[in-house]
Amino acid sequence: MAAIEISGLSKDFLVGFWRKRRFRALDRLSLQVEQGEVFGFLGPNGAGKTTTLKILTGLIFPTEGTATILGKAAGQPEAFLHAGFLPENPYFYDYLTPQELLDYFARFFPLTPQQRKRRCDAVLGQVGLSEARDRPLRKFSKGMLQRVGIAQAILHEPEIVLLDEPMSGLDPVGRHEVRELILQLRAAGKTVFFSTHILSDAEALCDRIAILRRGQLVGVGQISELLRRQAGYDAVIECPSLEAARPLESLAARPPLYSGGHYSVRIQEPDLSRLLGICQGDGLRLISLNPVRLSLEDYFVEVLREKDSEHSPAALP
Amino acid sequence: MSSAPTLASTLAPTLAIGRNTFREAVRDRVLYNLIAFALIMIASALLFGEISIGIQKTILLNIGLSSISVFGLLIAIFLGIGLVYKEMDRRSLYALLSKPIRRSQFIVGKFLGLNFTILVNTAFMSLGLWVALFYLTRGFEPQDIYLWEAIYFILLQLSLVTALCLFFSCFSTPVLSAVFTFVAYVIGNLASDIRTFGELTENPLLQWLTTGIYYVLPNFSNFNVSAWVAHGNPVEGSVILWNTLYALCYDTILVAASVWIFSRKDLK
């Protein structure tokens, strides 16, 4: 059974004050997250990442489509017996201490008072807040609140942990600590589904990623596989005229450049032999051939640019 | 972890939310200011008594019960208007509702928590009134027991105000909720007079409107027995029973409506 299964999920919001119009924040998203994997949900601001997480946690209702967590309909209380959630920029009751907050939340799970206390102590230790357990939350820094947020998300030892921008607003040390926590969760066999726009975090942590743009899924898979798909070669070919380079046009992965008798073209890996074959023809001479290895950031920017040139905004009529 | 649902496991989240609502209220300094002010009002009633020869006790009970009612109303509105809205606005609901609880449990828990807060506050203010009464009369008379009837009716009234606040808090801002609740309270207190006024006009539209108001808004004047009790008169058992049922029915309808609205709400 998949840890998270999202099928044809769409969400429309009504925007505008007087004349309401529908805005599609999420557009027929389908996705499957397997148990035990760390899954990164990437996308620029406003891509629909938080909307997806809010649907998964039942905070908002989908316009169409379904989502399940371990086979239970998302948003149903039963699903949360096995899932924990850290909201983006979490706010907690500032009149409580972490100990009181965790004890309050623990009461929603079938735990005995002894188990409750044990779990509260354990997660406070796990996020490094044992010392601050009796300090009111109103005195906490953003990084500390984020740790409280993670503590409440893993309080009941859930099999699936949903994290919305867990590194947002954290200093490098805080980010490092959150990364370590995610790695600990992975080592414990938990499924972690987290949204982020910090690509280095996704690159370091994720088994698989999905990229969302204006509510639509534009890429999903293992990072290495996605990068390989986009990998290729930058070739520079000497040719007497642009006309002579015409056979190369069909290989170009992005618009080629012709200048001073040199034709520069990016080709994809499988097209290498065809390029070499064409270059054996009259008047063409391969000057340089450099392998291109994209970083996740390059891939991310490239995919978004490609899609930007293909589509107009996803507003409904 | 076993997940077999029992009555205790169904009630536990509701009670936990109620307990936290109470804890939030008691950690709010404004609440203490209001209670202190109410106690000062009750104490000042002793001074008014000094200048009212022969009716000191009646004056004390009238002012005392009115203070409990007015400050209870202020506390109910002040805390009630933010019950749901504040949690939505500050997004503290995001972490809460991603626990195995139903939205209905959240609403009912909030309602119970605020009512318990009001019960405790009213108990403190009532204690102040009893102390003032003892100070004035140096003892209690048998008819003083009827004071509890008036205090019980104030509690019923405040539970209706809480339910109204909760209902409005589900879809409007705290300021608007306060205005709506206060207007409903004032009209509800005058409901019988408004209906009588409508009947006297012989205008069918006005009659229909005033009768509508009479039946839709809670009739707060039903609970107004303070003056009657201050004169040492008891409230009939049947009146207590019917008013209790009336308040319970109204509370149930308003809480159910709040649950209905809140369960369909997108928490953006």
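Calculation rules
Residues numbered from 1 in each chain as written. Chains lettered and ligands numbered in written order. Predicted model: local features only at pLDDT ≥ 70, side-chain atom pairs only at ≥ 80, totals over all residues. Helix = DSSP H or I, 4+ residues; strand = E, 2+ residues; numbered from the N terminus. Buried ≥ 20, exposed ≤ 12 C-beta atoms within 10 Å, placed from the backbone. Contact = placed C-beta atoms within 7 Å. Rg over C-alpha atoms; globule rule 2.2 N^0.38 Å. pLDDT = per-residue confidence, 0-100. Expected span 1.5 Å × (residues − 1). Core = buried A, V, L, I, M, F, W, Y, C linked by C-beta atoms within 7 Å. Domains from an automatic or database assignment. Axes fitted to C-alpha atoms, helices over the stretch in contact; angles between N-to-C directions. Parallel < 35°, antiparallel > 145°, perpendicular 65-115°, else oblique. Left-handed = near helix turned anticlockwise from the far one by under 90°. Nonpolar A, V, L, I, M, F, W, Y, C, P; charged D, E, K, R; others polar. Pairing = 2+ DSSP bridges.

Asks: Please give an account of the overall build of chain A that cites residues and values.
Replies: Across its full length, chain A holds 10 helices and 14 strands. Principal-axis analysis of the C-alpha atoms places the extent of chain A at approximately 85 × 45 × 40 Å. Within chain A, the fraction of its 317 residues that count as buried is 39%. Here the analysis covers contacts within chain A between residues at least 6 apart in sequence; of these, 69% occur between residues at least 24 apart.

Asks: Tell me about the overall build of chain B, residues and numbers included.
Replies: The helix and strand tally for chain B stands at 12 helices and 0 strands. If you list the helices and strands of chain B from N to C, you get α-α-α-α-α-α-α-α-α-α-α-α. Since a compact globule built from 268 residues should have a radius of gyration of about 18 Å, the 20 Å found for chain B is in line with a globular shape. If you line up chain B on its principal axes, its C-alpha atoms span 65 × 50 × 35 Å. Out of the 268 residues in chain B, the part that is buried amounts to 42%.

Asks: So what's going on with the confidence of the model for chain A? Which residues, and what values?
Replies: Taken over all residues, the pLDDT of chain A has a mean of 89, while the share at 70 or more is 97%. Taken together, the stretch residues 312–317 of chain A has pLDDT below 50 and engages in 11 contacts with residues farther than four places along the chain or on a different chain.

Asks: Kindly report on helix H4 (residues 142–153) of chain A, identifying the contributing residues and their values.
Replies: The terminal C-alpha atoms of H4(A) lie 16 Å apart, and with 12 residues this matches the ideal 16 Å at 1.5 Å per residue to within 8%. Among the residues making up H4(A), those that are buried are Gln146(A), Arg147(A), Val148(A), Gly149(A), Ile150(A), Ala151(A), Gln152(A) and Ala153(A). Structurally, H4(A) contributes buried residues whose contacts are with strand E6 (83–86), helix H2 (98–106), helix H3 (113–126), strand E7 (160–164) and helix H5 (172–187) of chain A together with helix H5 (92–96) of chain B.

Asks: A description of the nonpolar core should follow, citing residues and the corresponding values.
Replies: Of all hydrophobic cores here, the largest spans 145 residues; its most connected members are Ala151(A) and Leu166(B). Tallying contributions element by element places helix H7 (residues 147–169) of chain B first for this core, with 16 residues. Among the nonpolar cores identified, the runner-up in size contains 10 residues, and Ile237(A), Tyr263(A), Ile267(A) and Leu275(A) belong to it.

Asks: I'd like a description of the domain arrangement of chain A, backed by residues and values.
Replies: The assigned domain composition of chain A is domain 1 (4–82 + 158–227) and domain 2 (232–292). If you average the C-alpha positions of domain 1 of chain A and of domain 2 of chain A, the two centres end up 40 Å apart.

Asks: Would you mind going over unusual backbone geometry in detail, with residue names and values included?
Replies: Although it is not a glycine, Glu165(A) adopts a positive phi angle of roughly 50 degrees. Relative to the helices and strands, Glu165(A) is located in the loop between E7 and H5. Classification of Glu165(A) as buried rests on a count of 21 C-beta atoms within 10 Å. A positive phi angle, close to 65 degrees, is found at Glu202(B), a residue other than glycine. Tracing the backbone through its elements, the reader meets Glu202(B) in the loop between helix H9 (191–201) and helix H10 (204–216). The exposed category is assigned to Glu202(B), around which 8 C-beta atoms lie within 10 Å.

Asks: Tell me about the packing of helix H3 (residues 56–80) of chain B against helix H6 (residues 103–137) of chain B, and please be specific about residues and values.
Replies: Axes are the key here: two packed helices are described by the angle between their axes and the distance separating the axes. All names here are of chain B. The N-to-C vectors of H3 and H6 enclose an angle of 160 degrees; their axes lie 10 Å apart at closest approach. Comparing the axis directions of H3 and H6 gives the class roughly antiparallel. Like other packed secondary-structure pairs, H3 and H6 cross with a definite hand, here right-handed. On the side of H3, the interface is formed by Gln56, Lys57, Leu60, Gly64, Ile68, Phe71, Gly72, Ile75, Ala76, Leu79 and Gly80, while H6 contributes Leu114, Thr117, Ile118, Asn121, Thr122, Met125, Ser126, Leu129, Ala132, Leu133, Leu136 and Thr137. Its residues assigned to classes, the contact of H3 with H6 shows 13 nonpolar, 9 polar and 1 charged.

Asks: Break down the interface of chain A and chain B for me, citing the residues and quoting the values.
Replies: Contacts between chain A and chain B engage 24 residues on the former and 24 residues on the latter. Of all the secondary-structure elements, those providing two or more residues to the side of chain A that touches chain B are H2 and H4 of chain A. A class-by-class count of the residues in the side of chain A that touches chain B yields 18 nonpolar, 4 polar and 2 charged.

Asks: I'd like a rundown of the sheet that holds strand E4 (residues 64–69) of chain A, residues and numbers included.
Replies: All names here are of chain A. The sheet built from 4 strands is open, its strands ordered E2-E1-E4-E5 with antiparallel pairing. Whereas interior strands pair on both sides, the edge strands pair on one side only; in this sheet they are strand E2 (21–33) and strand E5 (72–73). Pairing between strand E1 (residues 4–15) and E2: 9 bridges, direction antiparallel. Residue pairing in the sheet places Val15 in a bridge with Arg21 of E2. Packed onto the sheet, helix H1 (residues 49–56) meets E1, E2 and E4 and runs at close to 115 degrees relative to E1.

Asks: A description of the sheet that holds strand E9 (residues 208–213) of chain A should follow, citing residues and the corresponding values.
Replies: To summarise the sheet geometry, strands pair through backbone hydrogen bonds and adopt either a parallel or an antiparallel arrangement. All names here are of chain A. Taken in spatial order, the 6 strands of this open sheet run E6-E7-E8-E3-E9-E10, and their pairing is mixed. Each edge of the open sheet carries a strand with a single partner, namely E6 and strand E10 (216–222). In this sheet, adjacent strand axes meet at a mean angle of 15 degrees when their direction is disregarded. As defined by bridge partners, E9 adjoins E10 across 6 bridges and the pair is classed as antiparallel. Its bridge partner being in E10, Leu212 is matched across the sheet by Leu217. Across the sheet, H1 touches strand E3 (38–42), E7, strand E8 (191–196) and E9, and the angle it forms with E7 is around 140 degrees. Against the sheet, H4 touches E6 and E7, its axis set at about 165 degrees to E6.

Asks: Got a sec to walk through the confidence of the model for chain B? Specific residues and values, please.
Replies: Per-residue confidence for chain B gives a mean pLDDT of 88, with 96% of residues at or over 70. For this predicted complex, the interface score ipTM comes out at 0.85, alongside a pTM of 0.86.

Asks: Quick one: what's the story with the environment of Asp94(A), residue by residue and with numbers?
Replies: Residue and element names in this part refer to chain A. Tracing the backbone shows Asp94 in the loop between E6 and H2. Between the C-alpha atom of Asp94 and that of Leu137, which follows or precedes it by 43 residues, the distance is 4.6 Å. When near neighbours in sequence (up to four residues on either side) are disregarded, Asp94 contacts Pro136, Leu137 and Arg138.

Asks: Before we move on, could you go through the environment of Phe153(B) and cite the residues and values that matter?
Replies: Residue and element names in this part refer to chain B. With respect to the helices and strands, the residue Phe153 is situated in helix H7. Through-space distance from the C-alpha of Phe153 to that of Asn222 is 8.8 Å; in sequence the pair is 69 residues apart. Apart from the residues lying within four places of it in its own chain, the contact partners of Phe153 are Phe223, Val225 and Asn243.

Asks: A description of the pairing of E9(A) should follow, citing residues and the corresponding values.
Replies: Residue and element names in this part refer to chain A. Counting buried residues along E9, 5 of its 6 residues qualify, which places the element largely inside the surrounding structure. Taken together, the 4 bridges between E3 and E9 define a ladder with parallel strand orientation. Note that in E9 the partner of Phe39 across the bridge is Arg208. Taken together, E9 and the strand that follows it, E10, pair antiparallel across an intervening segment of 2 residues, in which Arg214 is found at a positive phi of about 45 degrees.

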